[in-house]
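Read off the chains here:
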Amino acid sequence: DMGVIEPGTPGTGTATITARSYLNNNYVIISPRDPPTNESGAQIDPMTTAAVFSAAVEQFGINLVANTSPVVQGADPSRMPVDNGTFAFGEAAPGFDTANNYRYNPGDIIARSVTRGYGETEYTISYILNVTTITPAGLYRMEQDLVITATF
């Protein structure tokens, strides 16, 4: 819940997920749903390429790293049992791996494992949303499904 959002003041939030490969295989995580949409079908413009927050435009984006702007939020992926590169190899995918840069395209790979391993990686998804004075009013919702697929 990002609350009531005023033009130029970002709505922000986070969610945490954990991914684990099985039998020493790689994986990708995809976010296939549309960006936030209101009851009349108006949709917040997704940030189709990675960019920093702009108070002047309508935008919605995510990333999977620690951020300091426009607010402090998120965390870098955390590999478990220990983050020493021995068991887990998950990382934020390109375009979602740079602090203070957000993007969103339904169907993008947002995270992946880059080497075969069997440990867990905890991801924190950081959300950013901005409206303008011409954004249609209403309650905007996004039902985010995440699809993790093993890659052999």
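Each remark here, short or long, concerns the structure printed above.
These lines cover the structure that appears in this document, whether it is placed above or below.

### Observations regarding the pairing of strand E8 (residues 120-130)
Two faces belong to every sheet, and in a regular strand the side chains alternate between them. The element E8 is extensively covered by neighbouring structure, given that 9 of its 11 residues are classed as buried. Of the pairings in the sheet, the one linking strand E5 (residues 78-80) to E8 comprises 3 bridges and is antiparallel in character. Bridge pairing in E8 links Met 80 to Glu 120.

### Details of the environment of Ile 109
Following the sequence through the fold, Ile 109 ends up in strand E7 (residues 108-113). Each C-alpha atom, one on Ile 109 and one on Ser 31, is 6.9 Å from the other, the two residues being 78 residues apart in sequence. What Ile 109 contacts, discounting residues up to four positions off in sequence, is Val 28, Ile 29, Ile 30, Ala 93 and Phe 96.

### Topic: the packing of aromatic side chains
Under the criterion given, the structure shown has 2 aromatic pairs. Seen in terms of ring centroids, Phe 60 and Tyr 104 are 5.2 Å apart; in terms of plane orientation they differ by 70°. Their pairing is edge-to-face. Pair noted here: Phe 60 is in strand E4 (residues 59-63) and Tyr 104 is in the loop between strand E6 (90-92) and E7, with a separation of 44 residues, a long-range link. There is no split in this pair, since Phe 60 and Tyr 104 are both buried. Here the aromatic residues Phe 60, Tyr 104 and Tyr 127 are joined through ring pairs into a cluster of three or more.

Criteria and cut-off values
- Residues numbered from 1 in each chain as written.
- Predicted model: local features only at pLDDT ≥ 70, side-chain atom pairs only at ≥ 80, totals over all residues.
- Heavy atoms only, no water.
- Buried < 20%, exposed > 50% of the residue type's maximum accessible area, 1.4 Å probe, protein only.
- Helix = DSSP H or I, 4+ residues; strand = E, 2+ residues; numbered from the N terminus.
- Pairing = 2+ DSSP bridges.
- Contact = heavy atoms within 4.5 Å.
- Phe/Tyr/Trp six-rings, centres within 6.5 Å; stacked < 30°, edge-to-face > 60°.

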